[in-house]
Amino acid sequence: MRYWRRRHEFDLEAELRAGRPEPSPDFVRRLDAEVRESGRTRVGGTLRVALVGALTAVMLMALAGVGGVGYAASAGRDAAVSVKRVVTPREVVRVLKKSPAIDQYAKKPKKKVKKVKKAKKGKGAKGKVRARTRPPFTG
Amino acid sequence: MLRHDPLANPEPLIRRVYAYVAYRVGDGPDAEDLTSETFERAIRYRKSYDPKKGEPVAWLLGIAKRCIDGRGPMVELASEHADEPVPSNLEEDTIRRLTVGRAVGALDERDRELIALRYGADLTARQIAELLGARTNAIEVALHRALGRLRETFGPEADSEPVRKREASR
């Protein structure tokens, strides 16, 4: 603290700034090189990906110019249809269902018997009673 | 396509992070280790840096803070180079650093962190507030108090100087 007492003017904030710890030059150089090296590797990787993307785009544009994209799309669609035909067994089942043997001997589906609702008792009876109590129409 | 690289110009960042760490844990190999650890993590997670959230130095100081907190309390806060012989032309600088370092080391953890962020890493009160998740006004007041306590450690000469609150809040 004697150092401070020797000084006539005292500016704590200036002293804090001036006296702030400094790393050794060797440490700064080493760490700086390390950080820069890692950055270079990263940029290199990103540039490679960008180059591949750009080349793909150029190739697609060239193919689109001669109708290659449409050709590729229709070929893909045909392939999908072929695969679907092989995989799904729907057509075979339909043929079996229509065979004459099935027409003749297959179990026929039961006919559904419709339930007939019974007429309600009360309502009609009430009407009849009312008709009987009403006086006859005389014109 | 290429995002802003927070570590594009590492040297000034290294100096600021080191100054912050050294104010927190003391000048020397420990501070160098923690600074290296901070940059190692920063390299690993550089993709996670979002320029919208703040400057690269604030991001790095956040990492440094976590590194220090993860290490637990440090025993020695004074400089490791205190007993080393120094060339005569560097004498005044070295004495100044040692004295400031010791005085800051005598403060409590919270005050030391504020001093380290303000005068070590050279952040503004607003940046400190963003980093610590506090209000700027609260940080200004806390800094003012920390400086007051630091002045007490330097004796009557320091007390006679008027408090420069405006500069602290810059």
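Shown above is the structure to which this text applies.
Residues numbered from 1 in each chain as written. Chains lettered and ligands numbered in written order. Predicted model: local features only at pLDDT ≥ 70, side-chain atom pairs only at ≥ 80, totals over all residues.

**Overview of the overall build of chain A**
Link 1 in the chain: When you go through chain A residue by residue, the secondary structure sums to seven helices and zero strands.
Link 2 in the chain: Secondary structure elements of chain A occur, N-terminal to C-terminal, as α-α-α-α-α-α-α. (Helix = DSSP H or I, 4+ residues; strand = E, 2+ residues; numbered from the N terminus.)

**As for unusual backbone geometry**
For residues that are not glycine, phi is negative in most cases, and the peptide bond is trans in most cases.
Residues and elements named next belong to chain B.
Link 1 in the chain: Even without a glycine there, the phi angle at Asp122 is positive, about 60°.
Link 2 in the chain: Assignment of secondary structure puts Asp122 in the loop between helix 5 (109-120) and helix 6 (125-132).
Link 3 in the chain: Owing to 16 C-beta atoms within 10 Å, Asp122 belongs among the partly exposed residues under this scheme. (Buried ≥ 20, exposed ≤ 12 C-beta atoms within 10 Å, placed from the backbone.)

**Quick word on the nonpolar core**
Link 1 in the chain: If you look at the biggest cluster of nonpolar residues, it comprises 46 residues, and the most contacted ones within it are Val17, Tyr20 and Val21 of chain B.
Link 2 in the chain: Once you skip the residues sitting within four places of it in the chain, Val17 of chain B turns out to touch Thr35, Thr38, Leu60, Leu61, Ala64 and Ala121 of chain B. (Core = buried A, V, L, I, M, F, W, Y, C linked by C-beta atoms within 7 Å. Contact = placed C-beta atoms within 7 Å.)

**Notes on helix 7 (residues 136-154) of chain B**
Since the α-helix turns once every 3.6 residues, residues separated by three or four places project in the same direction.
All names here are of chain B.
Link 1 in the chain: Across its 19 residues, helix 7 extends 27 Å between first and last C-alpha, which sits within 8% of the 27 Å expected from 1.5 Å per residue.
Link 2 in the chain: Turning to helix 7, its buried residues number three or more, namely Ile139, Ala142, Leu143, Ala146, Leu147, Leu150 and Phe154. Angular distribution of buried residues about the axis of helix 7 spans 140°; they occupy a single face of the element. Projecting away from the buried face of helix 7 at angles above 90 degrees are the exposed residues Asn137 and Ala138. (Expected span 1.5 Å × (residues − 1). Arc of directions from axis to C-beta.)

**Describing the packing of helix 1 (residues 10-25) of chain B against helix 2 (residues 29-44) of chain B**
Two quantities define a packed helix pair, namely the angle between the axes and the distance from one axis to the other.
Residues and elements named next belong to chain B.
Link 1 in the chain: Contact geometry for helix 1 and helix 2: axes closest at 9 Å, N-to-C directions at 130°. Overall, the two elements helix 1 and helix 2 adopt an arrangement that is oblique. The handedness of the crossing between helix 1 and helix 2 is right-handed. Contact residues: helix 1 offers Ile14, Val17, Tyr18, Val21, Ala22 and Val25, while helix 2 offers Asp30, Ala31, Leu34, Thr35 and Thr38.
Link 2 in the chain: The class makeup of the residues in the contact of helix 1 with helix 2 is eight nonpolar, two polar and one charged. (Axes fitted to C-alpha atoms, helices over the stretch in contact; angles between N-to-C directions. Parallel < 35°, antiparallel > 145°, perpendicular 65-115°, else oblique. Left-handed = near helix turned anticlockwise from the far one by under 90°. Nonpolar A, V, L, I, M, F, W, Y, C, P; charged D, E, K, R; others polar.)

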